[in-house]
Each structure stands twice: as structure tokens, then as C-alpha cells.
Amino acid sequence: MNATNGKVIAIECLRYDPQTDDAPHYETYQVPFTDDMSVLQGLQYIKDHLDGSLTFRWSCRMAICGSCGGMVNGVPRLSCETFLRDFYPEGLRVEPLTHFPIQRDLAVDQTDFLVKLRSIKPYIIPEAPKPVTEGTFLQTPQQMDEYYQYSQCINCLLCYAACPQYGLDREFTGPGALALLHRYNADSRDAGKAERMELVNADEGVWGCTLVSYCSEVCPKSIDPARAVNQNKVESTKDYFLRFVAPRRNG
Amino acid sequence: MKRSNRPIFWSLFGAGGMLSALVGPMLIFITGIAVPLGFLLPRDTMSYERVLAFAQNGFGKLAIFVVIGGFLFHGLHRIYHCLHEVGLPLGHGWMAVFHGLAALGTLVALYLLIVIG
Amino acid sequence: MKTYTRTMNGWWRRNPFYLWYTLREWSSFFLTAYALVLLFGLARLAEGAAQYEAWRASLASPGAVIFHAAAALIVLYHAWTWFKVMHKTLPFLRIGARRVPDSAIFAAGVASSVVLSLLLLWGFA
Ligand code: SF4
Ligand code: FES
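All of these numbers come straight from a predicted model, not from anything done at the bench.

Right, let's get into the overall build of chain B. When helices and strands are tallied, chain B shows four helices and zero strands. Starting at the N terminus and ending at the C terminus, chain B contains elements arranged as α-α-α-α. The C-alpha radius of gyration of chain B comes to 17 Å, more than 25% above the 13 Å expected for a compact globule of 117 residues. For the C-alpha atoms alone, the extent of chain B along its principal axes is close to 55 × 30 × 20 Å. Looking at chain B as a whole, 55% of its 117 residues are labelled buried. Looking at chain B alone, contacts between residues at least 24 apart form 57% of all its contacts between residues at least 6 apart. As displayed, chain B has an accessible area near 5100 Å², and 76% of this comes from carbon and sulfur atoms.

Here you go:
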């Protein structure tokens, strides 16, 4: 691990200290690296050897926990699965996820997302409670396929950093939370769709989206959140017109 | 939360978008390049008599109405977003202005198609 | 807690993806202008032969031809992108147990566009 082949890469980091700074600035660090080192490991090298005050979040180091997201050369990426070698010899610039308020250095304030996540009721709402003694809910592979891809979300927020509509209007519920909303609506065990449609149908729901679809491009889990959002524009349109024809089942 | 009226306008936006994606480029090429320059199609393809006959026939009226109305509803909806995206302070309420303009253009087309007989 | 929020100034220049998106969205100015050209022509048509011929002559002016050439190209790009994202507005379509691939939906869109465009050309001729 210590053989760096003499290769050194310049990592330019956004720095912001709320106690002393009014605005962020950039600092460049020269980091010795090996070909198997991720951007996250580069940041850890800086923290351990060059500047202990650099602040950033991480946990799993394997693209599962969703905490290490940032902008690498302006593109939302998980820093633990982005490799320094791909930026050699030009170097790279690392910034906190855009569209979110910066707390300190590379750490952003995720509160807005967490509030939205709660608002989509991210849990199965069964038609009627089913005691364990009555056995499990059964599902065909096809029923599972309807929601499975959307259930892979790791709440990394890369899609929010990719979405200009969220950047322009923070009222918009945004790609990740709406993809999770669809994940529950599309689950055959769930009966909460009517409750969730209220949010889908609002300006703050799916209608804030203009199908930029960069969210789907950057999602590390290939969830295609833009698809979840836009499928629900159709759902919302049906809901809008059909309510005049047939009263809703459970709303 | 308030139910949005966007389904109405999104449907019109989508219909116009689909129509323009299917035939838009060719239609613009025909009426704007091929016929005026007499390239591939003769210039009198759009002579007064032919176009008047088309506009007086039921199918022709429908085609003209759908193209103009669809393109306007699609185009003006997107123009609203373009202006919003470059930073003009146009709240949701402004959308009604753009949809209103589209509706106005569509009604003018309808009126003209009626008076043409 | 004190935080710092960055602006959205010039966001469409930050990434090539956004530039292509912006081009797609700005196609609407050309499409709207084209609809107005047609609306104008319809008005001239309703006014009579002389007025209509004047409109037709104006279509052959270099400026009008350049506008239409630009509009045709940018609307063609709109069409391409429209079919590219079309699958995102659809529920999962299945044939038997298999999901129809997104590329097939794109191909179907492009194919219908080509067929309808050729029919249109034939209809005018
Ligand atoms: S949808 Fe994808 S990009 Fe968005 S939070 Fe979930 S995993 Fe991350
Ligand atoms: S550290 Fe967990 S996703 Fe990167």
C-alpha cells in the first residue's frame, strides 16, 4: 500500500468554516497515490497527513451507505467508488454536493431531504394488518420486479445535486424521495397509494420535474429516478381526470 | 397540499410534443424550405387554390388546428420553463400567462378556420 | 447553524449534459415561432389571394429560409430527445415475463416518426 510509484496528484478541495468564513474558498493538496486509491482515500490522506481540519462524511467505503457523495470535477459522484487514477495527471476538484447548504468543507445539510423522505411515507401501508400467525405476504417475481429497482436507493443525494429544478426551487420533492414514493406505490403489498397521491398531485410533487433526467445519469444504483417521477405524472394525470368519472376507492 | 392543474397542461404539452417529434422536422422542411425553394417539391404545392381547398376541407381544418394548437401549447409551456431556468423570477402563477397565450393562439386559429368556410 | 448556499447562476454551463438539455428546451422558441408563421399564413389565407401570395413570397426570402433550416434542425434534436426519454413516462411494458427494453421504445418512436414524415412528404406531393 505504501508503494506510490512516485505518483502525486493535486486535489483541490472546497473549504468552508462557518465560524470564520463568509464564503468558501479552495485549497489544493498534493497527494501521493496508488492506482487502487479512491477519491475518498485521497481525502483521508489529506486529513491524516496534510490538514486534519478537512471535514467530510463517509462510512462503508463500498458504495452502500450513501454518505460520501460530492462533486468531483462538477459531477455528482460517490467518492468511495471514484478513482484518483482517472484524474491523473490533471488533478481534480472536490466540492460538496451542490444545491445543498454547506455546513463545513465537504459536508452538506441534508435536513431538507430527510423531511421530504418522511413526507412520502416510506413504509408499506397494508390494506389490513396481518398478524404473523397468518403467514407472510406472497409476491410473484413480476410483482417484485415492479418496484425492486426503486428499492435499491441508498439516499446518497447525488440525484438532488444533479437536478437543476431542485436547485431552482427547494419546494420540489425531488428525484430520490419521489423514486422511493413510487417504490412503495408499486409494491403489491402496499395499499397506501391514495394517501401518497396527494403529494404526487401537488406542484411540489412530480410537477416540479421537467425531465432533465441527469438524476438517472448520475445515480450509482441505476435506479432511474426520472422514470419513477415521470411515470407518476401519468398516474397523477389519470387521477386528475378519472376522479370525475369514478370515485376513488380509498381516498 | 393543493392539487395542481398541471395534468391539463401537461397533457396538451405532451400531445404537442409528440406531434412535433413525429412530424415537426419534416413539416418545417416542407413548408419552410422545400416548397419555397422549389426543392424536391414544386413551388405551387402551396398555391393559394390548393391551400385554400385544404383549409376548407374537414380533415385539412383538423390538421391545421391540431398542428398550430399543439405546437403552441408545447412551445409556450417550455418557454415558461426556459425563462424560469435562466433566473427570471416567474412563479407558478406566471405559467397561466403562457398557457393563456397558447390558448389565445389556438382560438385565433379556430376562428380563422371557421371564417375560411 | 450557519451554512453557505451556493447560487444557481449559470448552472446550464456547468456540465455538457445541461447544455444539451438547454438546447432541447430552447427548441420551443423555434417551434412556437413556426406555429406563429403558420398562424400568420392562415390569417393571410383568410384575407384573400393577394395577401396569401405576399406571405408565400416572404417565405422564400433568405431570412425565412435560414430560420426554417435552423428550426428544422433544432426540432429534429427535440424529436430525438423526445423518443430518448419516452420510456420514462411509461409503466414497465412486458411481453410475457420479459420487460420491453427502453431501446425498443426509442426505436419504435423513431420508426414511427420516419414513416409519418415520409407519408407527409408523399401527401404534399
Ligand atoms: S435515487 Fe440514486 S442518486 Fe438518488 S439518492 Fe437514491 S441512490 Fe442516490
Ligand atoms: S462511503 Fe459509503 S457510499 Fe461511499
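Having seen the model, we can carry on.
At the interface, 54 residues of chain B touch 50 residues of chain C. Broken down residue by residue, the surface that chain B buries against chain C is led by B:Ile28, B:Tyr48 and B:Arg78, which jointly contribute 16%. For the pair chain B and chain C, the number of links is one salt bridge. Among the ionic pairs, B:Arg78 bridges to C:Glu25, the shortest N-O distance being 3.1 Å. Where chain B touches chain C, the interface holds 16 residue pairs in polar contact (both at pLDDT 80 or more). Per-element accounting of the side of chain B that touches chain C gives the leading share, 21 residues, to helix α1 (residues 6–37) of chain B. Its residues placed into classes, the side of chain B that touches chain C shows 37 nonpolar, 12 polar and five charged.

Contact with chain A, which involves 20 residues of that partner, is made by 14 residues of chain B. Regarding the contact of chain A and chain B, the summed buried area is about 1700 Å², with carbon and sulfur atoms giving 59% of it. Its largest share of buried area at the contact with chain B, chain A owes to A:Asp203, A:Trp207 and A:Tyr240, together 37% of the area lost on that side. Inspection of the region where chain A meets chain B yields one salt bridge. In this structure, the salt-bridge partner of B:Arg3 is A:Asp239, at a minimum N-O distance of 2.9 Å.

Any aromatic ring pair is given by two values, namely how distant the centres are and how the planes are angled relative to each other. Applying the stated criterion across every chain yields a total of 25 aromatic pairs over all chains. Pairing A:Phe113 with A:Tyr160 gives two aromatic rings, centres 5.3 Å apart and planes at 75°, and the pair type is edge-to-face. Taken as a pair, A:Phe113 in helix α2 (residues 111–119) and A:Tyr160 in helix α4 (residues 158–162) lie far apart in primary sequence, 47 residues in all. Relative to C:Tyr18, the ring of C:Trp11 has its centre 5.3 Å away and its plane inclined at 75°; by these criteria the two rings are edge-to-face. In this structure C:Trp11 comes out as buried when scored by relative accessible area, which is 2%. A network of ring pairs unites the aromatic residues A:Tyr214, C:Trp11, C:Trp12, C:Phe17, C:Tyr18 and C:Tyr21 as a single cluster. The lysine or arginine in question, A:Arg85, covers the ring of A:Phe83, its NZ or CZ lying 4.5 Å from the ring centre.

By the bridge criterion, three bridges tie strand β1 (residues 8–15) of chain A to strand β5 (residues 92–95) of chain A in an arrangement that is parallel. Across the sheet, residue A:Glu12 finds its bridge partner in β5(A), namely A:Arg93.

This paragraph deals with the site of ligand 1. Every residue near ligand 1 is listed here: A:Cys153, A:Ile154, A:Asn155, A:Cys156, A:Leu157, A:Leu158, A:Cys159, A:Cys219, A:Pro220 and A:Ile223. Here the shell around ligand 1 is built from residues that sort into nine nonpolar, one polar and no charged.

With that settled, the discussion passes to the packing of helix α7 (residues 193–200) of chain A against helix α9 (residues 225–245) of chain A. All names here are of chain A. Between α7 and α9, the shortest axis-to-axis distance is 10 Å and the interhelical angle comes to 100°. In terms of orientation, α7 lies roughly perpendicular with respect to α9. Note on element contacts: α9 touches α7 through Asn-232, Glu-235, Ser-236 and Asp-239, opposite Lys-193, Met-197 and Val-200.

Ranked by size, the top nonpolar core spans 75 residues in total, and within it A:Ile11 and A:Leu92 carry the most contacts. Each residue touching A:Ile11, except ones within four places of it in the same chain, is listed here: A:Glu27, A:Thr28, A:Tyr29, A:Val31, A:Gly42, A:Ile46, A:Leu84, A:Leu92 and A:Val94. B:Phe98, B:Ala109, B:Ile116 and C:Ala72 belong to the second-largest nonpolar core, a separate cluster that totals 46 residues.

Rules and cut-offs
- Residues numbered from 1 in each chain as written.
- Chains lettered and ligands numbered in written order.
- Predicted model: local features only at pLDDT ≥ 70, side-chain atom pairs only at ≥ 80, totals over all residues.
- Heavy atoms only, no water.
- Helix = DSSP H or I, 4+ residues; strand = E, 2+ residues; numbered from the N terminus.
- Rg over C-alpha atoms; globule rule 2.2 N^0.38 Å.
- Buried < 20%, exposed > 50% of the residue type's maximum accessible area, 1.4 Å probe, protein only.
- Contact = heavy atoms within 4.5 Å.
- Areas by Shrake-Rupley, 256 points an atom, 1.4 Å probe, with all protein chains shown as cover.
- Buried area = accessible area lost by both parts, 1.4 Å probe.
- Salt bridge = Lys/Arg side-chain N within 4 Å of Asp/Glu carboxyl O.
- Polar contact = N/O pair within 3.5 Å; in protein donor to acceptor, adjacent residues only side chain to side chain.
- Nonpolar A, V, L, I, M, F, W, Y, C, P; charged D, E, K, R; others polar.
- Phe/Tyr/Trp six-rings, centres within 6.5 Å; stacked < 30°, edge-to-face > 60°.
- Lys NZ or Arg CZ within 6 Å of the ring centre and 35° of its normal.
- Pairing = 2+ DSSP bridges.
- Near = heavy atom within 4 Å.
- Axes fitted to C-alpha atoms, helices over the stretch in contact; angles between N-to-C directions.
- Parallel < 35°, antiparallel > 145°, perpendicular 65-115°, else oblique.
- Core = buried A, V, L, I, M, F, W, Y, C linked by side-chain atoms within 4.5 Å.

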